[in-house]
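Notes for the structure review
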Amino acid sequence: GSVGSRFSRSGCCVGVEYCGTRHAKRFSVHQSYVVPPTLTQDVGGRRSPPAYLIDEVGGVLKIQVEVEGSDPPSMVAVQASQRNGTVLSVHKIPNGSNRVLAAHYVKLPNARYTLLFSHGNAVDIGQLLPYMLDLSQRIGCSIVSYDYSGYGLSSGKPREKNQYRDVAAVYRYMLTELGVPGREVILYGMSIGSSPTVHLAAKLCKRNARAESRGTPPGPRSPDPPPAGVVLHAPVASGIRVLRPACTHTICCDPFQNLHKVPRITLPALVIHGERDDVVPVSHGKMLHAGLPQPVTPLWLRNANHNNVEAFNEYYDRLRTFLDELDTHTAAAAAAAGAAPTDAGGGSP
């Protein structure tokens, strides 16, 4: 049942800047955009700043987050050391062409898995930090959360294609700089964050399948080993289907084409969706679940809407059970390959 939500997030919003066909056989390239908080919270004609600040103190990056409801807005420093030995660190992740992504890493001692958390729209990692700290404790996972290009303090422009580059850069950073093995990463996408999550998962699975067909599956030194699994939280089937629920087929200018990509995700995948979601209807989650090659039992929350899934105990219970399912899957895959679980593909040593 509901235990009350302490966190709130803006809903999903997608759009298409340009799409058209000049001739029947010539399709133009579409460019979809997403809306970060700085574009949706204009006050007096000015764009409001990100809900966090990053300072460097003694060579270490520190984060301050906005106090919810404070007037005027005020910031409070978040301590690096949290309860139960959890450590919070802040990172600036290179993303090519002198661009950087702002991210934080909630590291839980002895965690079995680390979530690569791609958040929803019109929100940033400052607003999400209390939720990340709470989620980490309740399911026993470490979490890396980042802001897309153009969100928060991340540089660049908020574009669909940039989201795909962003999540790939963060994944590589986790493997090479944070030392998280690929086999211990769970790709987690919330709302519009399901798009970069599905894209990366499909890409890594396709690459892994090609390597196995050549007899050279990714090993510990592979630059892009496959992750352990995928979680899709109130996911989008496609952008047009959000705006036009009656649409039953994919058209040329449809952004965030998750429905087209999920058949390539050959990993255990969990879909979670609220049945009262009036932003991204639960039908989206059910379409994606039906298209997954290795789905696990989904969670359809009867009384949840788009923004309060984390208010229900069933949400945390299902995630903890999913971790157990991943343990079983990993052990079975290792046994089938004639190797111990620790020999499965992972990140840099």
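Here goes a summary of the coordinates provided.

Cut-off values and rules
Residue indices begin from 1 for each chain and proceed along its sequence in written order. Under the rules for a predicted model, residues below a pLDDT of 70 receive no local features and side-chain atom pairs below 80 are neither given nor counted, while totals for whole chains, interfaces and linings still include all residues. Heavy atoms from the whole structure form the basis of all side-chain values; hydrogens and water molecules are not counted. Only DSSP runs of H or I reaching four residues or more are called helices, and only runs of E reaching two or more are called strands; each is numbered from the N terminus. We call a residue buried when its accessible area falls under 20% of the maximum for its residue type, exposed when it is over 50%, and partly exposed in between, using a 1.4 Å probe and counting protein chains only. For every accessible area listed, the method is Shrake-Rupley and the probe measures 1.4 Å; residues are considered covered only by the protein chains on display. One bridge is not enough; two strands pair if DSSP finds at least two bridges between them. Here an angle of 0 to 180 degrees is reported between the N-to-C directions of two axes, which are lines fitted to C-alpha atoms, with helices fitted over the stretch in contact. In what follows, a contact means two residues having at least one pair of non-hydrogen atoms within 4.5 Å. Definition used in this section: a nonpolar core is a set of buried Ala, Val, Leu, Ile, Met, Phe, Trp, Tyr and Cys residues joined via side-chain atoms within 4.5 Å. As used here, the arc belongs to the directions running from the helix axis to the C-beta atoms. Ring pairs shown here join Phe, Tyr and Trp side chains whose ring centres sit within 6.5 Å, with only the six-membered ring taken for Trp; geometry is labelled stacked below 30 degrees between planes, edge-to-face above 60, and tilted in between.

1. Some details on the overall build of the chain
Within the chain one finds seven helices and 15 strands. Residue burial in the chain is summarised as follows: out of 349 residues, 51% are buried. Per element, the accessible surface of the chain, about 15,800 Å² overall, is 51% carbon and sulfur.

2. Considering the sheet that holds strand 10 (residues 114-118)
Read from one edge of the open sheet, eight strands run 8-9-11-10-12-13-14-15, paired in mixed fashion. Looking at which strands have only one partner, the edges of the open sheet turn out to be strand 8 (87-94) and strand 15 (299-301). On average, each strand axis in the sheet is inclined to that of its neighbour by 15 degrees, with strand direction left out of account. Pairing analysis gives five bridges linking strand 12 (residues 185-190) to strand 13 (residues 229-233), with the strands arranged parallel. Residue pairing for strand 13: Leu 187 is matched across the bridge by Val 230. Relative to strand 10, helix 2 (residues 160-176) is tilted by about 160 degrees, and along the sheet it contacts strand 8, strand 9 (100-107), strand 10, strand 11 (142-146) and strand 12.

3. Focus: unusual backbone geometry
Notably, Asn 110 is not glycine yet its phi reads approximately 65 degrees, a positive angle. Of note, Asn 110 is situated in the loop between strand 9 and strand 10. A relative accessible area of 79% means that Asn 110 is categorised as exposed. A positive phi angle, near 50 degrees, is found at Ala 234, a position not held by glycine. One can find Ala 234 in the loop between strand 13 and helix 4 (239-243).

4. Quick look at the side chain of Thr 114
Within the secondary structure, Thr 114 sits in strand 10. Here Thr 114 is in contact with Tyr 105, Ser 142, Ile 143, Val 144, Met 174, Val 180, Glu 184, Val 185 and Ile 186, once residues within four sequence places are set aside.

5. Comments concerning the nonpolar core
By size, the foremost hydrophobic cluster in this structure holds 44 residues, and its most contacted members are Phe 117, Tyr 131, Leu 135, Tyr 188, Ile 272, Tyr 315 and Leu 319. Counting 35 residues, the second largest nonpolar core, distinct from the first, contains Val 185, Val 198, Val 262 and Leu 267.

6. A closer look at helix 6 (residues 282-291)
Looking at helix 6, one finds that the buried residues are Val 282, His 284, Gly 285, Leu 288 and His 289. One face of helix 6 carries all of its buried residues, which in axial projection span an arc of 150 degrees.

7. Focus: the packing of aromatic side chains
Under the defined criterion, the tally for this structure stands at five aromatic pairs. Seen in terms of ring centroids, Phe 117 and Tyr 131 are 5.9 Å apart; in terms of plane orientation they differ by 85 degrees. Their pairing is edge-to-face. Of this pair, Phe 117 sits in strand 10 while Tyr 131 is found in helix 1 (residues 125-139), placing the two residues 14 residues apart along the sequence. Given a relative accessible area of 0%, Tyr 131 falls into the buried group. Taken together, a centroid distance of 5.1 Å and an interplanar angle of 90 degrees make the contact between Tyr 148 and Tyr 151 edge-to-face. When sorted by exposure, Tyr 148 lands in the same class as Tyr 151, which is buried.

Geometric values such as these leave the question of function open.
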